[in-house]
Structures are given as C-alpha cells and as structure tokens.
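Listed below, chain by chain, are the residues.
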Amino acid sequence: MANAGKKEISYADLQALENSQSLFLVDVRSKEEVDQGSIPGSIHIPVDTVEDALALDPAEFMSKYGVTKPPLDAPEMVFYCQIGKRGGMATDKAHTLGYQKARNYSGGYREWSEKGGK
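What you see is a predicted model; the values in this text were computed from it and never measured.

S.K.: So what exactly am I meant to see when it comes to the pairing of strand E4 (residues 76-80) here?
M.R.: Each regular strand shows side chains that alternate between the opposite faces of the sheet. Taken across its five residues, E4 has five buried, putting it largely inside the fold. Taking every second residue as pointing to the same face, both faces of E4 are buried, with Glu-76, Val-78 and Tyr-80 on one and Met-77 and Phe-79 on the other. The pairing of strand E2 (residues 23-27) with E4 spans five bridges and is classified as parallel. Considered in E4, the bridge of Val-26 is made with Phe-79. As judged from the two bridges shared by E4 and strand E5 (residues 103-105), these two strands associate in the parallel manner. Directly across from Val-78, in E5, lies its bridge partner Arg-103. In terms of handedness, the path from E4 via helix H5 (residues 85-96) over to E5 forms a crossover that is right-handed.

Rendered as structure tokens:
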C-alpha cells in the first residue's frame, strides 16, 4: 500500500497491512502500558527514545530490539501510542531523521482494542 505523503494511517489501513512483511510497527507507549497489551507484531520503543533508537547503527539496533533496523525508505513504518499524540511525536522525529514514509496510527491502541483488534 503506497504512502501518499500522509503522516497518519487509519484503523482500516493498518488492518490491511497487518500481515504485510513490509510493516514496521512501533509501540511508543510506556512499558506499563505495553504490559497491558499491544498490537500484534509491534516492537516497543518508548517515545522518548525513538530518536536515539533510529540513530543506532543496524547492528546495535538488532542487538537492542531483536529486529532489523528499517531502511530510511521503509514503505510501511507506523508508530502508535494510546490515543495518537505520542505516536505523532514519534512520527515527526522519524521524519526529521529521514524516514519520510513514516506514519502515525492516530487511533492508537485504544481504537485498536475497542474494535477488537481485527
């Protein structure tokens, strides 16, 4: 699914990407929030560490997060939080670092869980 320059993604769009190999989904909430549940397939990078995490070299990123660091042109990089604010902040940080296709799931975990996560 091509990103048309939007900085946000809807529930339906995220749902459509759920099984995509290109989806790089980042939960930027606190550890306590993540412990209550998260969107399947997401990795946890707290919002206050996103900039430092994305600046790591690929080997350090893999060592710290257990996944391959996304390339700058990652087609489906999505950040989310509880209701969209921190996800938006993380998306802005990613854009600043060159991840121009990064988007925020503005509905956040709250919307995902209210809609049954499917």
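S.K.: Can you walk me through the pattern of salt bridges in this structure?
M.R.: Two side chains of opposite charge can pair, provided their charged atoms sit close to one another. With the rule as written, the count across this model stands at six salt bridges. Between Asp-92 and Lys-7 there is a salt bridge, with the nearest N and O atoms lying 2.5 Å from each other. Here the residue Asp-92 occupies a position in helix H5, and Lys-7 occupies one in the segment before strand E1 (8-9), the gap between them amounting to 85 residues. A relative accessible area of 37% places Asp-92 in the partly exposed class.

S.K.: What exactly am I supposed to notice about the packing of aromatic side chains here?
M.R.: In this structure the tally under the stated criterion is three aromatic pairs. Judged by centre distance (5.5 Å) and plane angle (55°), the rings of Tyr-11 and Trp-112 are tilted. In this pair, Tyr-11 sits in helix H1 (residues 11-17) while Trp-112 sits in helix H6 (residues 108-114), placing the two residues 101 residues apart along the sequence. Across the pair, exposure class does not vary: Tyr-11 and Trp-112 are buried alike. Judged by centre distance (6.3 Å) and plane angle (40°), the ring pair of Phe-24 and Phe-61 falls under tilted. Taken together, the residues Phe-24 in strand E2 and Phe-61 in helix H4 (residues 58-65) connect sequence positions 37 residues apart.

Rules behind the numbers
Residues numbered from 1 in each chain as written. Predicted model: local features only at pLDDT ≥ 70, side-chain atom pairs only at ≥ 80, totals over all residues. Heavy atoms only, no water. Buried < 20%, exposed > 50% of the residue type's maximum accessible area, 1.4 Å probe, protein only. Helix = DSSP H or I, 4+ residues; strand = E, 2+ residues; numbered from the N terminus. Pairing = 2+ DSSP bridges. Right-handed = clockwise from strand over helix to strand, strands pointing away. Salt bridge = Lys/Arg side-chain N within 4 Å of Asp/Glu carboxyl O. Phe/Tyr/Trp six-rings, centres within 6.5 Å; stacked < 30°, edge-to-face > 60°.

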